[in-house]
Amino acid sequence: MSSQKEILKEFDPLSTNNKDNIQLAGYDSKGAPDTIETVNHLPFQTKEVQDGEEEEEPFFDFQLFVKELQDNRSEPLVKYIKSFLHNFVTQKSSWTADEQTKLVADFRTFIYGKLALFEPFKSMDGAKLHNAQEGLEKLIMGKLYTRCFSPYLLKRLGSIENLDDGHRKDIEDDYKLKQKIDEFRFIEPDYLDISIGNENKLMKFVKLSGSELNKINNFKAPRDKVVCLLNSCKVIFGYLKHYDTDKENGADSFIPLLIYTLLKGSIASLISNIRYIERFRLEAFIRGEEEYYISSIEAAIGFIINLDVRKLSIKNYQAYNKMYHENKVKLTEEEHELKRGRIKSENDQTSGTPNGNAAMDLKKHPFDEVTNSMFSMINDFFAAPEQSNQPTTLVDTRTKTSAQVTNATNNSTTPVDTEDISHLVQRMEENENQETLDTLQSMFPGMDKELIEDVCIAKKYRIGPCVDILLTLSD
Amino acid sequence: MESNNGANEPRDANDKEVYRCRLKLVLLGESSVGKTSIVTRFTTGKFQRNNATIGAAFLNKNIRWVDEDNIYEVDLEIWDTAGQERYRSLAPIYYRNTDVALIVFDVTSSNTFQKARSWVDELRSYLDNEQGKEIQLYLIGNKCDLEHESIAKTAILDMCTFKEVSAKRDEGIQELFEEIARGIPTDKFILQSPSNQLDVTDNNCTVMLKKSFDDLSKNVGCNYC
């Protein structure tokens, strides 16, 4: 069809630190775009490229946004945000899901309107303005995450009875989905009419796709969660493209594999995550491809929630029944073991077996560290001396003295901040890269380790492009 | 709102105004009828560099034409669905808010035609229940390069536009999508203003929504509006 470069584009959350790639093709003010084709597009959409020029994906750069927000001229914006966050967390102990959605949506409209009034945002357009809008969404939702994401809210309020209807339904539906997945986790690809091109590879890709999707729980920003979801879908298409070549690879092949991934992946709190995205991601951002793949996940969830034996194609009922009952017995045993507290959630995570506690036991992920420290940077920045109303709930470990704060307000960034954060980002990136390398090595066991590493370096450890190149090489 | 550099202005020779429209199209039909082939044929044609998509289940393409006064651009989103019977119940998730439905069958298989008929029925009853919604229905007979009997004129053909195409030989495909794009009522197009990327930065819109936020923020006790 078309070359691998064109098929897989990267949506890596790590791109926040990737300064080299903020080439905003088509929006560069010096080299004005030679057409108006791309102006109204959002980054995830396909664009027609003129004159055979390579289009660079406009990467989201949160650090850039943070720097822009520290510009003296945008101080009123900071005040607005601070005031909103403060009121959100102090006015009421918990808002209903609908109230939260409306508050965030209305504030966002308000603050996006204000971007047009204050530099450096005032003179931005196209992708730069989009970056600022994404940045604002990430900033706000990062701050409000523990109050808006249902599993965290449950933790905060202690009991499901304390939740409002909307949030309670998220938790209940997550539980329902988990029950169904447990009941049918044993099924084999052909029960869903998945053609097994290469069973060994299929399992590896399904596992990778599931673990990519599971990363959805490691991020707070709606956009970052969407990126995990898209990466997961991309891995599925990577398999289809290379091992299931006799088919068209449209939805006929994709949907069954997506369902299979959900059944095998034991993704924690998936429904809560999807609802969170729908509530707090700006609707205009969920357009086109994002919208399609979110809808597909919803479709797959709907299929599993309503799954019963009639929805499967079963050639041998006896064998099916045997597996079904063996699984039931195993489930009961696992439940007992859980109750006795013998299952260590850590082991479950690594061995890939379903983890009953995963939903409630959201592991702290290294990515959170960076996000948190960025937020705390902003926090400190918010906590300017003349402000009397400090949001008490937003206190962080990295609180600075007021002298430093003043410094931060006056300069665009303090050297300390930059150094701290870039160090942290670097450490995290190294961990993450090692993880990617390990995964890829297990997917391509026959391949030279150094070669895999070279591909990773060349592709900046973005899993999508790496998988694609390795597939091409292994052919 | 000021426009700060000329980059985004319409710059065509005659300074024509650009009208844009986003169009959602959903593909329905039994698996193996060639739904995906039709769109991949369309999106990877000679004049299209189809890039940056995650996979063939979602594709998009710009269709653009110029008339005496204006430039028109349609941003066509193509949503594929799984055609197997067992996944049929998932289709409503895909066809909500769609503008166009292509219901595809294989002209050499009467079974797939029957399936197509039932899709038409389902969409009709969906539209009956959803007041104010409008979906253009196209019934597409694929594989017309193969020998086949002509489709009996039935009631369903009155409800939708019928076309025969061949994805394999690239017959009738470009014409089909062009017809779809040009069939969009002009009132669905929006004049492209130079410097706004999102509706929310539009001044009128901001004023309107700001009011609602003002109301709400009274509840929050917020004092900065």
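Residues numbered from 1 in each chain as written. Chains lettered and ligands numbered in written order. Predicted model: local features only at pLDDT ≥ 70, side-chain atom pairs only at ≥ 80, totals over all residues. Heavy atoms only, no water.

Under an unreviewed UniProt entry, the name given to chain B is GTP-binding protein YPT52, and the source organism is Naumovozyma castellii.

Per an unreviewed UniProt entry, chain A carries the name VPS9 domain-containing protein and comes from Naumovozyma castellii.

**What to know about the overall build of chain B**
Summing up its helical and strand segments, chain B has six helices and seven strands in all. Put simply, chain B runs from its N terminus to its C terminus through helices and strands in the order β-α-β-β-α-β-α-β-α-β-α-β-α. Each of the 225 residues in chain B was classed as buried or not, and the buried ones make up 55%. For chain B, contacts bridging at least 24 residues in sequence account for 67% of all contacts bridging at least 6. In the form shown here, chain B has an accessible surface area of approximately 10600 Å², with 46% of it arising from carbon and sulfur atoms. (Helix = DSSP H or I, 4+ residues; strand = E, 2+ residues; numbered from the N terminus. Buried < 20%, exposed > 50% of the residue type's maximum accessible area, 1.4 Å probe, protein only. Contact = heavy atoms within 4.5 Å. Areas by Shrake-Rupley, 256 points an atom, 1.4 Å probe, with all protein chains shown as cover.)

**Section: the packing of helix 10 (residues 251-265) of chain A against helix 12 (residues 289-305) of chain A**
Residue and element names in this part refer to chain A. As a packed pair, helix 10 and helix 12 sit with axes 9 Å apart at the nearest point and diverge in direction by 60°. One element, helix 10, and the other, helix 12, form an angle in the oblique class. Viewed along their axes, helix 10 and helix 12 form a crossing whose handedness is right-handed. On helix 12, the residues touching Ala251, Phe254, Ile255, Leu258, Ile259, Leu262 and Leu263 of helix 10 are Tyr292, Tyr293, Ser296, Ile297, Ala300, Ile301, Phe303 and Ile304. Across the contact of helix 10 with helix 12, the residue classes break down as 14 nonpolar, one polar and no charged. (Axes fitted to C-alpha atoms, helices over the stretch in contact; angles between N-to-C directions. Parallel < 35°, antiparallel > 145°, perpendicular 65-115°, else oblique. Left-handed = near helix turned anticlockwise from the far one by under 90°. Nonpolar A, V, L, I, M, F, W, Y, C, P; charged D, E, K, R; others polar.)

**Things to note about the domain arrangement of chain A**
All names here are of chain A. Taken domain by domain, chain A holds domain 1 (59-148), domain 2 (165-315) and domain 3 (421-474). The gap between the C-alpha centroids of domain 2 and domain 3 is 23 Å. Facing 11 residues of domain 2, the contacting portion of domain 3 comprises 14 residues. When the buried area of domain 2 at its contact with domain 3 is split by residue, Lys204, Leu208 and His242 rank highest and sum to 43% of it. Where domain 2 touches domain 3, the interface holds one salt bridge. One salt bridge connects Glu432 with Lys215, and the closest N-O pair in it is separated by 3.8 Å. Here domain 2 is connected to domain 3 by zero residue pairs in polar contact (both at pLDDT 80 or more). (Domains from an automatic or database assignment. Buried area = accessible area lost by both parts, 1.4 Å probe. Salt bridge = Lys/Arg side-chain N within 4 Å of Asp/Glu carboxyl O. Polar contact = N/O pair within 3.5 Å; in protein donor to acceptor, adjacent residues only side chain to side chain.)

**Section: unusual backbone geometry**
All names here are of chain A. The omega angle of the peptide bond from Glu119 to Pro120 is 0°, so this bond is cis rather than trans. With respect to the helices, strands and loops of the structure, Pro120 is situated in the loop between helix 4 (97-115) and helix 5 (126-148). Positioned with a positive phi, Asp193 is a non-glycine residue whose angle comes to about 60°. On the secondary structure map, Asp193 appears in the loop between helix 7 (165-184) and helix 8 (199-214). You will see that Ser269, though not glycine, has its phi angle at about 50°, which is positive. In this fold, Ser269 is placed in the loop between helix 10 and helix 11 (270-280).

**Let's talk about the packing of aromatic side chains**
Taken as a whole and assessed by the stated rule, the structure comprises 37 aromatic pairs over all chains. The interplanar angle of 50° and the centroid separation of 5.1 Å between the aromatic rings of Phe303 of chain A and Tyr87 of chain B together place this pair among those described as tilted. With one member in each of two chains, Phe303 of chain A in helix 12 and Tyr87 of chain B in the loop between strand 3 (70-80) and helix 2 (91-95) form a pair that bridges those chains. Side by side, Phe303 of chain A and Tyr87 of chain B carry an identical accessibility label, which is buried. What links up through ring pairs into an aromatic cluster is the set Phe237, Phe254, Tyr292 and Tyr293 of chain A together with Phe58, Trp79 and Tyr94 of chain B. One cation-aromatic arrangement involves Lys225 of chain A over Phe149 of chain A; the distance from NZ or CZ to the ring centre is 4.5 Å. (Phe/Tyr/Trp six-rings, centres within 6.5 Å; stacked < 30°, edge-to-face > 60°. Lys NZ or Arg CZ within 6 Å of the ring centre and 35° of its normal.)

**Remarks on helix 5 (residues 173-182) of chain B**
Buried residues of helix 5 of chain B: Ile173, Leu176, Phe177, Ile180 and Ala181 of chain B, and no others. When helix 5 of chain B is viewed along its axis, its buried side chains cluster within an angular range of 130° and face the same direction. (Arc of directions from axis to C-beta.)

**Here's the deal with the nonpolar core**
Residue and element names in this part refer to chain A. Formed by 97 residues in total, the largest nonpolar core has its most connected members in Leu192, Phe254 and Tyr293. Counting residues per element, this core draws most heavily on helix 9 (residues 222-243), at 11 residues. No fewer than three residues from each of domain 2 (165-315) and domain 3 (421-474) sit in this core. In this structure, Phe62, Phe65, Leu77 and Phe84 belong to the second largest nonpolar core, which totals 40 residues. (Core = buried A, V, L, I, M, F, W, Y, C linked by side-chain atoms within 4.5 Å.)

**Considering the pairing of strand 1 (residues 17-28) of chain B**
As a general feature of sheets, a regular strand has side chains that alternate between the two faces. All names here are of chain B. Taken across its 12 residues, strand 1 has nine buried, putting it largely inside the fold. In terms of strand pairing, strand 1 meets strand 3 through 11 bridges, oriented parallel. Counterpart to Val26 in the pairing with strand 3 is Trp79. As paired elements, strand 1 and strand 4 (residues 100-106) share four bridges and run parallel to each other. (Pairing = 2+ DSSP bridges.)

**Some words on the packing of helix 2 (residues 62-69) of chain A against helix 5 of chain A**
All names here are of chain A. Close contact between helix 2 and helix 5 brings their axes to 9 Å; oriented N to C, the two are set at 90°. The pairing of helix 2 with helix 5 is recorded here as roughly perpendicular in orientation. For the pair helix 2 and helix 5, contact is made by Phe62, Leu64, Phe65, Glu68 and Leu69 and by Asn131, Ala132, Gly135, Leu136, Lys138 and Leu139, respectively. Each residue belonging to the contact of helix 2 with helix 5 can be placed in one class, and the counts come to seven nonpolar, two polar and two charged.

**Regarding the pattern of salt bridges**
Residue and element names in this part refer to chain A. For the coordinates displayed, the defined rule picks out 37 salt bridges over all chains. For Glu134, the salt bridge goes to Arg223, with nearest N and O atoms at 4.0 Å. Taken together, the residues span a long stretch of sequence, with Glu134 in helix 5 and Arg223 in helix 9 at a distance of 89 residues. Here the two residues Glu134 and Arg223 agree in accessibility, since each one is buried. A salt bridge links Lys322 to Glu326, with the nearest nitrogen and oxygen atoms 3.4 Å apart. Residue Lys322 and its partner Glu326 are both found in helix 13 (residues 317-339); the two are separated by four residues, about one turn of the helix. In the salt-bridge network here, residues are joined through shared partners; they are Arg108, Glu134, Glu137, Lys138, Arg223, Asp224, Arg281 and Glu290.

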